[in-house]
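# Coordinate analysis (summary)
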Amino acid sequence: MRYIWLTVLLTLPAVLAIPPRETVIRVKNNEELRRALHLAAPGVTILLAPGEYEGGIYLENARGERDRPFVIAGMDPRNPPLIRGGGTGMHFVDAEYLELRDLVVVGAQYNGINIDDGGTFDTPAHHITLRRLTVRDVGPQGNCDGIKLSGVVDFRVEACAVERWGDGGQGIDMVGCHRGVIEGCILRFTDDKGFGVQAKGGSSSITVRRCRFEHAGARAMQIGGSTGLQFFRPPLRSGADHAEARQITVEGCTFIGSIAAVSFVGVDGAEVRFNTIYLPTRWAIRILQETRSEGFVPCRNGRFTDNLVVFRSDRWFEGGVNIGPFTAPHTFTFARNWWYCEDAPERSKPALPVSEKEGVYGVNPRLRAPERGDLSVQDDSPAQKVGAHALPSGR
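Helix and strand content of the protein: two helices and 35 strands. A compact globule built from 395 residues should have a C-alpha radius of gyration of about 21 Å, and the protein, at 22 Å, falls within 12% of that. Once the C-alpha set of the protein is aligned to its principal axes, its extents read approximately 80 × 50 × 40 Å. Expressed as a percentage of its 395 residues, the buried residues of the protein come to 57%. When the accessible surface of the protein is summed, it comes to about 16,100 Å², and 47% of that surface belongs to carbon and sulfur atoms. Averaged over its 46 positive side-chain charges, the protein has a centre that lies 3 Å from the centre of its 46 negative ones.

What follows is the structure, encoded as structure tokens:
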């Protein structure tokens, strides 16, 4: 791999300014970063020295290749650079094989990080990796997202932290995204507004795994949603069955607080398994239908299994499950979930729309140290086989 300081590279003749197969460009200020972005190409890595950089970074057609991604990263993961402000902190249009890692994005006005297909639904952004990013203090008012993905396929969001997004926005928002994994992320908010993670607009084949949601908005995990018909990716086809989302899996996650931990909204097929839900303020689950245009199926075919739910009776409405009109709750499956009401164990059984198979009600799971945020279970817990701690290895 070849290492080049940008100030040296830019003095070379134009014929030599084409990056070799693998090039590392080190930058230490705003001017050098902006100039380096024009050299985006397969095999190029731009390393940002510790310090502060101006937000509002915008780049079209940032394209790497399968074994030679285009990378923007912090030079020192222990002291990542801070990208502050801008309408959007970092915005990439029609990117391919792009990796962002070890960066902090703070104080953007609209979105922290935005990656999209430029409105060309037939040419999505693809093979995107976001790793060890921190995004915080976006907005704070309106539909402002920490990480916004629109028309992105084959992507991974790993070990990222998103804190305090817009009061009408999402920590991570996906519109028309497919074949993605969000894993090991933390989403924190301070109010019951907005949502934590959302997958809508025709999104499919997405897994949210081993993430932690701490008071992550009104709906911590929103499977589906409400999308303008013109924004679906791929576009809606006349005569076909439509849904906001399909084949969404949420597993091994921990939910603390929020009005509702998990919401199924206009979804056709989703699985929520091996999660721990602790003290939601109204419901563990919502089943809703917000998009009611012609061709949209009722919210259906959800599976809720092997989850651990701990709640209090004074913050538990409708038996913990809110069911809206125009839904098909009878198509849902509930099995092997563990329900425990802390202050009134005899009131632990939820009001489910269908009978549950092998559910457990009113038995103390013996959480290890919930007052310190540790929601794993003690060694002698009878709930060893359910909850986030019980997600089988290899998933």
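After that view of the structure, there is still more to cover.
Moving on to the pattern of salt bridges. All told, the structure shown has 33 salt bridges when counted by the stated rule. Ionic pairing is found between Glu52 and Arg84, a salt bridge with its closest N-O pair at 3.1 Å. With Glu52 in strand S4 (residues 52-54) and Arg84 in strand S7 (residues 82-84), the pair connects residues that are 32 residues apart, well separated along the chain. For Glu52, a relative accessible area of 48% puts it in the partly exposed group. Across the pair Glu251 and Arg209 runs a salt bridge, and its minimum N-O distance is 2.7 Å.

Pairing in this open sheet of ten strands is parallel, and the strands run S5-S8-S10-S12-S15-S18-S21-S24-S27-S30 from one edge to the other. Because the sheet does not close on itself, it has two edges, and the strands there are strand S5 (57-60) and strand S30 (321-323). Across this sheet, the average inter-strand angle for adjacent strands is 5°, counted without regard to direction. Pairing geometry for strand S21 (residues 219-224) and strand S24 (residues 260-265), over five bridges, is parallel. Considered in S24, the bridge of Met221 is made with Val262.

What follows deals with the state of the cysteines. Evaluation of the coordinates by the stated rule reveals zero disulfides. Cys185 supplies the cysteine sulfur nearest to Cys160, a cysteine that is in no disulfide, at a spacing of 4.7 Å. Classification of Cys160 as buried rests on a relative accessible area of 3%. Looking at the unpaired Cys211, the closest cysteine sulfur is the one in Cys185, lying at 4.6 Å. Given a relative accessible area of 2%, Cys211 falls into the buried group.

In terms of strand pairing, strand S25 (residues 267-273) meets strand S28 (residues 300-305) through five bridges, oriented parallel. Within the sheet, the bridge partner assigned to Asp268 lies in S28 and is Arg300. Note: S28 against strand S31 (residues 333-335), three bridges, orientation parallel. The residue of S31 that forms the bridge with Arg303 is Thr333.

We now examine unusual backbone geometry. A cis amide bond, omega 10°, links Gly139 with the succeeding residue Pro140. For Pro140, the location among the structural elements is in the loop between strand S11 (125-136) and strand S12 (145-150). Across the junction of Arg233 and Pro234, the peptide omega takes the value -5°, indicating a cis bond. The residue Tyr97 is not glycine, and still its phi comes out positive at about 50°. Tracing the backbone through its elements, the reader meets Tyr97 in strand S9 (residues 96-106). Unusually for a residue other than glycine, Asp306 sits at a positive phi of about 60°. Relative to the elements of secondary structure, Asp306 occurs in the loop between S28 and strand S29 (308-311).

Cut-off values and rules
- Residues numbered from 1 in each chain as written.
- Predicted model: local features only at pLDDT ≥ 70, side-chain atom pairs only at ≥ 80, totals over all residues.
- Heavy atoms only, no water.
- Helix = DSSP H or I, 4+ residues; strand = E, 2+ residues; numbered from the N terminus.
- Rg over C-alpha atoms; globule rule 2.2 N^0.38 Å.
- Buried < 20%, exposed > 50% of the residue type's maximum accessible area, 1.4 Å probe, protein only.
- Areas by Shrake-Rupley, 256 points an atom, 1.4 Å probe, with all protein chains shown as cover.
- Lys, Arg positive; Asp, Glu negative; His and termini not counted.
- Charge placed at Lys NZ, Arg CZ, Asp CG, Glu CD.
- Salt bridge = Lys/Arg side-chain N within 4 Å of Asp/Glu carboxyl O.
- Pairing = 2+ DSSP bridges.
- Axes fitted to C-alpha atoms, helices over the stretch in contact; angles between N-to-C directions.
- Disulfide = S-S within 2.5 Å.

By themselves these figures say nothing about function.
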